[in-house]
There are 2 protein chains.
Amino acid sequence: MPEPRRITSADVARRAGVSRATVSYVLNATPGQSISPATRSRVLEAAAGLGYAPSAAARTLRTGRSDVVLCLLPDWPIGNEVGNLLGNLSTELARAGLTFVAHPGSRADRPIAEIWKAITPAAVLSFSDFSDGETEAMRAAGVALVVALLGRAGRHGRELEVPQQLIGRRQAEHLCGAGHRRLGYAYPDDPRLQIFAEPRLSGVRAFGEPVVRTVPLDAGPAADAVARWCADGVTGICAYNDEVALAVLAGARRLGPGAPAGLAVIGVDDIPAARLAVPPLTTVTTDQRMLAVHLATTVVAAVGGRTGPPLPTDDLIRVVVRESA
Amino acid sequence: MPEPRRITSADVARRAGVSRATVSYVLNATPGQSISPATRSRVLEAAAGLGYAPSAAARTLRTGRSDVVLCLLPDWPIGNEVGNLLGNLSTELARAGLTFVAHPGSRADRPIAEIWKAITPAAVLSFSDFSDGETEAMRAAGVALVVALLGRAGRHGRELEVPQQLIGRRQAEHLCGAGHRRLGYAYPDDPRLQIFAEPRLSGVRAFGEPVVRTVPLDAGPAADAVARWCADGVTGICAYNDEVALAVLAGARRLGPGAPAGLAVIGVDDIPAARLAVPPLTTVTTDQRMLAVHLATTVVAAVGGRTGPPLPTDDLIRVVVRESA
DNA sequence: CTGTTAGCGCGTTCAC
DNA sequence: GTGAACGCGCTAACAG
């Protein structure tokens, strides 16, 4: 088989009877270059005719930056909602000509630098924080945007904080609105989730100090926790997420029909299992689509050297009312 | 700020007092080149001292292939298990010096060619099938391995079929072993899942033709389905996955304590909500770790121009027995 | 053996 | 609108 040579800009130039420089100018619509409409269309035609596609590698080598946006995934289990967010983000970035990819796997496996050096991304997103050294290294390497989706607000002045506090606030607001005075907070068992759990809990605190208890994803231990909450006079539980909420529900059930009659539970995420729970779970959801659009806008702006708009926090988070609260 | 110039192999060469070629030979341990231990260590030292890291872009440009393995995610919602698989895969590939990234988002957003052209991957994995044209284009572009994790077996002779049939088989086996004679199959509502559902269903068929019914993730419609199954004399249900199983359970519950007393239900995936369900859900899980190791081995082999070992199917799929079946 | 020279891969961009 | 150099690593051909 006759090794099917790549089509390069030189081929296009030859076919159009111009120089490679001209091809580049036309195809990139380089500002400050005047190319006659005639030449212009000859080039365009030649490129289309040959099925020319520029080499991403060569372009990256030259410009020092690819059109890939890299997202570093956290090492804790990602669920449906995150998957959803990534999908939307990908779609939005594609609209701007950027290719979105995600890298799963903990930093433990491989130093984070190895990852972005292999990609030469235009921007890097991460769920957890970067160290200052890492941020600096990436910036120096020409990465336009480096943001943590979580982490201390305003750390680098460019955080894209998903307002986790708002989630907790909405939960507590709903429960208090339903007349609950003493709240409990069902904290996740997995320590890796702390980065999400803390801000959510602090949101709940805006409505009074809740009784915090760690609830494993297991009916037995969850029952203990529920029993103690009841003894504390707690009547409403804000759970870290739907799974923890499901555990609380399972725990209450195990206690028998006695105590937990009036126990209200509210989760986060609205996973499919939530509506199928016993009783159907009231929960709080984030509009992943809206969030994705905002993230994409910010990334695109940053890659272009500009600053994005602030996150519109209204309407972003909604309560889905079902029977558990 | 004095633009922090990149460190190149030329810098290393200068510092070590050798040519760039020598640097390359030493750093890549190029076979068939004999470099004296003295020179060798001088180069290594210089490289380390300068913190030299080769430019991935330049290397990709030259060799026509990066060390990135691209995985095209399906457009249907990915859950925890897939996330898990990707994480494990990433870890395993890292061990071989390959960088794993996933691209979410449907092919509708952007032709698949745009994606891999932006990455120049060493290998491409996909959940759904590639068209012959796509496969051919990638091969021609130098992508070493192109596989579909699903799709018609043996299509390109290199499928990495996750044995979905085996999953259905295990489900039916468990139910039949418990004495159930007439089985039902709870088919997912989302048409995008068909690619997974069909092989699973065919696995169930090995134990007799089940009564197939589509079950939406909603208690109401699910109750209808359950009622009709009961009327058919069905006593055991194999569900497409845990979520659908949860819906079946919710449907049965809605029917009241009458009919579904002896209805057995078995899911797939063992999501966290499964053990918290009412009753706790019996389900079938795949050893994602083992699967990841196998996929990684195959990819590494293919990138090296070799062929990987066959998938060990024993022990890969296990039944997690709880109370629902 | 040891190591060097030189040119390629391909798009971008400055100076004429 | 063009020529030429550049970004950076790889490797065939070649000299000591």
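Reference entry: report on the structure contained in this document. Note that the coordinates shown come from a computational prediction; the quantities given were computed from them, not determined experimentally.

## Re the overall build of chain A
Each helix and strand in chain A was counted, giving 13 helices and 10 strands. What you see for chain A is a C-alpha radius of gyration of 26 Å, clearly larger than the 20 Å of a compact globule of 325 residues, by over 25%. Along the first, second and third principal axes, the C-alpha atoms of chain A reach 85 × 45 × 35 Å. For chain A, with 325 residues in total, the buried portion stands at 50%.

## Topic: the protein's contact with DNA strand D
Every one of the 26 residues lining DNA strand D counts as a neighbour, but Thr22(A), Ser36(A), Thr39(A), Arg62(A) and Arg20(B) are closest to it. For DNA strand D, the fraction of atoms within 4 Å of the protein that belong to sugar or phosphate moieties is 55%. Side-chain polar atom of Arg62(A) to a base oxygen of DNA strand D: 2.5 Å apart, as the coordinates give it. Elements represented by at least two residues in the surface near DNA strand D include exactly helix H2 (20-28) and helix H4 (56-63) of chain A together with helix H2 (20-28) and helix H4 (56-63) of chain B. The element that contributes the greatest number of residues to the surface near DNA strand D is H2(B), accounting for five residues. Among the residues making up the surface near DNA strand D, the classes are represented as 11 nonpolar, 10 polar and five charged.

## Observations regarding the environment of Ala94(A)
All names here are of chain A. Relative to the helices and strands, alanine 94 is located in helix H5 (residues 80-95). Judged by its relative accessible area of 18%, alanine 94 is buried. Taking the C-alpha atoms as reference points, alanine 94 and alanine 296, separated by 202 residues in sequence, lie 9.3 Å from one another.

## Focus on the relation of the copies chain A and chain B
When chain A is fitted onto chain B, the two copies agree to an RMSD of 0.1 Å after a turn of 180° and an axial shift of 0.0 Å. The transformation relating the two chain copies, once decomposed into turn and shift, fits a two-fold axis. Take the interface residues of chain A: 98% of them recur as interface residues in chain B, which is what a same-surface contact looks like.

## Observations regarding the side chain of Thr282(B)
By the element assignment, Thr282(B) lies in strand S9 (residues 282-286). At 3.1 Å, the side chain of Thr282(B) forms a polar contact with the backbone oxygen of Ala325(B).

## Details of the protein's contact with DNA strand C
Surrounding DNA strand C, one finds 27 residues, the nearest of these being Arg20(A), Tyr25(A), Thr22(B), Thr39(B) and Arg62(B). Among all atoms of DNA strand C positioned within 4 Å of the protein, those belonging to sugar or phosphate total 54%. The separation between a phosphate oxygen of DNA strand C and a polar side-chain atom of Ser24(A) is 3.3 Å. Note that a base oxygen of DNA strand C is positioned 2.6 Å from one of the side-chain N or O atoms of Arg62(B). At the level of secondary structure, the elements contributing two or more residues to the surface near DNA strand C comprise H2 and H4 of chain A together with H2 and H4 of chain B. Counting residues per element, the surface near DNA strand C draws most heavily on H2(A), at five residues. Taken together, the residues of the surface near DNA strand C break down into 11 nonpolar, 11 polar and five charged.

## Examining the pairing of strand S5 (residues 183-188) of chain A
All names here are of chain A. Along S5, six of the six residues are buried, which leaves the element largely enclosed by surrounding structure. Alignment of S5 against strand S6 (residues 211-215), held across five bridges, turns out to be parallel. Bridged to alanine 186 within S6 is arginine 213. A crossover links S5 with its parallel partner S6, the connecting element being helix H9 (residues 194-205), and its sense is right-handed.

The rules behind the values
- Residues numbered from 1 in each chain as written.
- Chains lettered and ligands numbered in written order.
- Predicted model: local features only at pLDDT ≥ 70, side-chain atom pairs only at ≥ 80, totals over all residues.
- Heavy atoms only, no water.
- Helix = DSSP H or I, 4+ residues; strand = E, 2+ residues; numbered from the N terminus.
- Rg over C-alpha atoms; globule rule 2.2 N^0.38 Å.
- Buried < 20%, exposed > 50% of the residue type's maximum accessible area, 1.4 Å probe, protein only.
- Near = heavy atom within 4 Å.
- Polar contact = N/O pair within 3.5 Å; in protein donor to acceptor, adjacent residues only side chain to side chain.
- Nonpolar A, V, L, I, M, F, W, Y, C, P; charged D, E, K, R; others polar.
- Least-squares fit on C-alpha atoms with pLDDT ≥ 70 in both.
- Contact = heavy atoms within 4.5 Å.
- Pairing = 2+ DSSP bridges.
- Right-handed = clockwise from strand over helix to strand, strands pointing away.

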